[in-house]
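The residues making up each chain are set out below.
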Amino acid sequence: MEQTTIDGISLSLAGPVSLSLKWVGQDELLQQLLAAWMVIDDRDIPFNPRLIGKPGVGKTTLAYAAARRLGRPVYLFQATMDTRPEDLIITPVIGPDGKIQYAASSLVSAMLKGGVLILDEGNRMSEKAWASLAPLLDDRRYVESIITGLRVPAHRDFRIVVTMNEDSSTFEVPEYIHSRLQPQIFIDFPEADEELMILKENLPFAPTRILKYVVDFLQRAHAADELYSVRDGINIARYALKMMAATGKDAAELLPLSVERVLGDEALRYLT
Ligand SMILES: Nc1ncnc2c1ncn2[C@@H]1O[C@H](COP(=O)(O)OP(=O)(O)O)[C@@H](O)[C@H]1O
Ligand SMILES: [Mg+2]
């Protein structure tokens, strides 16, 4: 594991992630995110954009795809309701020699390396956890570690994006944090043609007629404001394909069964 030393304190750094995610369609969303991160003058600073949408609309995928475009290492921090302020910054760990060592979070590792941090599902985090990020998210661009007493400044290439699920906040994100997480980029369900492309990207081995069936189902569900997502669609197609391979039965029989197995029988009303 990579180590670095700040003010005499040695930190082990978290590693970047490498995911096989590609963003398909809705190019303008990618552009909006990249624009928010741009710095257009020596006196300019980047934004800390927020991606908002229902579960499974592609928030994490968009964040990752945009981050990759910057050509910088990409780091992921999965926020939960149990995330403590120090988890976001620096935590003590027992080293192999039994001595205390310090581990930089993926966020601090990204700050030091000039990488991009995806703070995923930030809406799950408590107000206390958010408070530790306040100075990072304005023009100070640093964090303070209570445990080590260090102040860690962000590398000038550091960028952050926060994803938030629209309707599952565990805590109220405080107003002074909301105002630091701008602009807000809303992601909606894709149109049918884009949804088909997304399914093809994720399931390149699936016959188009199966994916079309799933898109028809999803579009009817979206129109009814149902929470079924592209992710659900991928699972429906994938399970139907597996059952076809296992049983030799045909898609017409197995697709409705797969819808039921993946989403329950309430979902059957969106089939023709
Ligand atoms: N525009 C898109 N391009 C490519 N894949 C997508 C897109 N939208 C959704 N997906 C796929 O749908 C699934 C859910 O996306 P994800 O980014 O995890 O959603 P969220 O973070 O909003 O819950 C993933 O498998 C992802 O690959
Ligand atoms: Mg996500």
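Residues numbered from 1 in each chain as written. Chains lettered and ligands numbered in written order. Predicted model: local features only at pLDDT ≥ 70, side-chain atom pairs only at ≥ 80, totals over all residues. Heavy atoms only, no water.

## Some points on the site of ligand 1
No. 1: Near ligand 1 you find 16 residues, and of these Gly56, Lys59, Thr60, Thr61 and Arg231 are the closest.
No. 2: In this structure, Lys59 approaches ligand 1 through a side-chain N or O atom, which is 2.7 Å from an oxygen atom.
No. 3: When the free accessible area of ligand 1 is taken as 560 Å², the share hidden by the protein chains comes to 90%.
No. 4: Elements with a minimum of two residues in the shell around ligand 1: helix H2 (59-69), helix H7 (192-202) and helix H9 (230-247).
No. 5: Looking at the shell around ligand 1 residue by residue, the class counts come to seven nonpolar, five polar and four charged.
No. 6: Mapped onto the domain boundaries, the shell around ligand 1 takes at least three residues apiece from domain 1 (3-187) and domain 2 (192-265). (Near = heavy atom within 4 Å. Polar contact = N/O pair within 3.5 Å; in protein donor to acceptor, adjacent residues only side chain to side chain. Areas by Shrake-Rupley, 256 points an atom, 1.4 Å probe, with all protein chains shown as cover. Helix = DSSP H or I, 4+ residues; strand = E, 2+ residues; numbered from the N terminus. Nonpolar A, V, L, I, M, F, W, Y, C, P; charged D, E, K, R; others polar. Domains from an automatic or database assignment.)

## Some points on the sheet that holds strand E1 (residues 3-6)
No. 1: The four strands are arranged E1-E2-E6-E5 in an open sheet whose pairing can be described as mixed. Looking along the sheet, the strands with just one partner apiece sit at the ends: E1 and strand E5 (90-94). Mean inter-strand twist for the sheet, computed between neighbouring axes without regard to direction, equals 40 degrees.
No. 2: Looking at chain direction, E1 and strand E2 (residues 9-12) are connected through four bridges and run antiparallel. Pairing of Ile6 across the sheet is with Ile9, part of E2.
No. 3: Across the sheet, helix H4 (residues 106-113) touches E1, E2 and strand E6 (100-104), and the angle it forms with E6 is around 70 degrees. (Pairing = 2+ DSSP bridges. Axes fitted to C-alpha atoms, helices over the stretch in contact; angles between N-to-C directions. Contact = heavy atoms within 4.5 Å.)

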